[in-house]
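Here's the letter readout for the chains.
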Amino acid sequence: MKKLNDGNQLPALGFGTYKLTGDDGIDSIVSALEAGYRLLDTALNYKNEREVGEAIRRSGIPREEIFVTTKLPGRHHGSDETLLSFEESRMNLGLDYVDLYLIHWPLPRIDKYVETFRAMIKLREEGLVRSVGVSNFTEQYLTRVISETGVTPAVNQIELHPRFPQGHLREFHARHDILTESWSPLARGSDLWTEQIISDIAAAHGVTPTQVVLRWHHQLGAVPIPKSSSPERQRENLDVFGFELSHAEIASISSLESGRLWDGDPETNEEF
Ligand SMILES: NC(=O)c1ccc[n+]([C@@H]2O[C@H](COP(=O)([O-])OP(=O)(O)OC[C@H]3O[C@@H](n4cnc5c(N)ncnc54)[C@H](OP(=O)(O)O)[C@@H]3O)[C@@H](O)[C@H]2O)c1
């Protein structure tokens, strides 16, 4: 478990649910819970909050043992809009409270992320949200939120994988006690596993290339949230706590940097 700056705890590895929709999606999320995942990552814009809530109920696992994250979409930035959007998410999920509520993208052109974050703080004060955070925020936007609201986001969920290690932003997070969550931690199943550096390290430890990449996240201090529809791969992805990478191995994995997967630059990317 990881301790957040507000005292709450978050599992060291989570389950991403983007694209897991419908009955197949529910089955995949139930199997992830059965495999042992206790952090589920969704968003209003994934159109699967109902599936996430249903999977939690079907799993039979007590609600309080599962850490549920959802995110506020761009079209709902603003004070009243945030309160309404949260209620929509909460109803979709069918839950009394959400563990972590994130602003999905900062949308600097719209310039409402500070008042949006203030409304999230209000939800936290009302006990509807346990922790408040952001996603895709840069150092500049984090600094502004902290100075204007007096509250440091508990989490910043950012694109992070060996192709885009984000050293500078991770250092900023560490200085401000902001937990880093890694989205697309496996670089969306791209060509990463064919990298010789990763397959050599995997062979040396007797693990799979995916496990090497997820262990790399863990040792950087980040919480990865890999998605998989397959029960077998879900179990593989969770089994990364029984070996340790050396500093040299971590550095060589980070040397695979080539840039973002797609044009998800927070300065310009607009998702509503
Ligand atoms: N905040 C944001 O803006 C943002 C943006 C993007 C994503 N996210 C979150 O981050 C989560 C994860 O990111 P992601 O879904 O984009 O990508 P990802 O987790 O990096 O990669 C998922 C892909 O890798 C494959 N895969 C998973 N485990 C594997 C294994 N052991 N061996 C081989 N292939 C494997 C999956 O295929 P199978 O399903 O067939 O196993 C899927 O195609 C999302 O689900 C979402 O919750 C957030």
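Residues numbered from 1 in each chain as written. Predicted model: local features only at pLDDT ≥ 70, side-chain atom pairs only at ≥ 80, totals over all residues. Heavy atoms only, no water.

Undergrad: Summarise the site of the ligand; cite the residues concerned and give the values.
TA: Neighbouring residues of the ligand: 28 residues in total, closest D41, S184, R188, S228 and R233. Within the side chain of R188, one N or O atom sits 2.6 Å away from an oxygen atom of the ligand. Burial of the ligand by the protein amounts to 87% of the accessible area it has alone, namely 910 Å². Here the shell around the ligand gets three residues from one element, more than from any other, and that element is helix α9 (residues 231-238). Considering only residue class, the shell around the ligand consists of ten nonpolar, twelve polar and six charged. (Near = heavy atom within 4 Å. Polar contact = N/O pair within 3.5 Å; in protein donor to acceptor, adjacent residues only side chain to side chain. Areas by Shrake-Rupley, 256 points an atom, 1.4 Å probe, with all protein chains shown as cover. Helix = DSSP H or I, 4+ residues; strand = E, 2+ residues; numbered from the N terminus. Nonpolar A, V, L, I, M, F, W, Y, C, P; charged D, E, K, R; others polar.)

Undergrad: With reference to specific residues and values, describe the sheet that holds strand β6 (residues 98-103).
TA: Strand order across the open sheet formed by eight strands is β3-β4-β5-β6-β7-β8-β9-β10, with parallel pairing between neighbours. Since the sheet does not close on itself, it has two edges, and those belong to β3 (15-16) and β10 (223-224), each with one partner. Inspection of the sheet shows strand β7 (residues 129-135) paired to strand β8 (residues 155-159) by two bridges, in the parallel sense. Across the sheet, the residue bridging to V134 is N156, located in β8. (Pairing = 2+ DSSP bridges.)

Undergrad: Give me the lowdown on the nonpolar core, citing residues and values where you can.
TA: One finds L40, I56, F117, F137, V212 and L245 to be the most contacted residues of the largest nonpolar core, which totals 62 residues. Per-element accounting of this core gives the leading share, six residues, to helix α4 (residues 113-125). Once you skip the residues sitting within four places of it in the chain, F117 turns out to touch I103, V132, G133, V134, V145, T149, V151 and P153. With eleven residues, the next largest nonpolar core counts A154, V155, L179 and I225 among its residues. (Core = buried A, V, L, I, M, F, W, Y, C linked by side-chain atoms within 4.5 Å. Buried < 20%, exposed > 50% of the residue type's maximum accessible area, 1.4 Å probe, protein only. Contact = heavy atoms within 4.5 Å.)

Undergrad: How would you sum up the side chain of T116? Please name residues and give values.
TA: Locating T116 in the fold gives a position in helix α4. Ignoring any residue separated from it by four or fewer positions in sequence, one finds T116 in contact with L72, H77, G78, T82 and I103.

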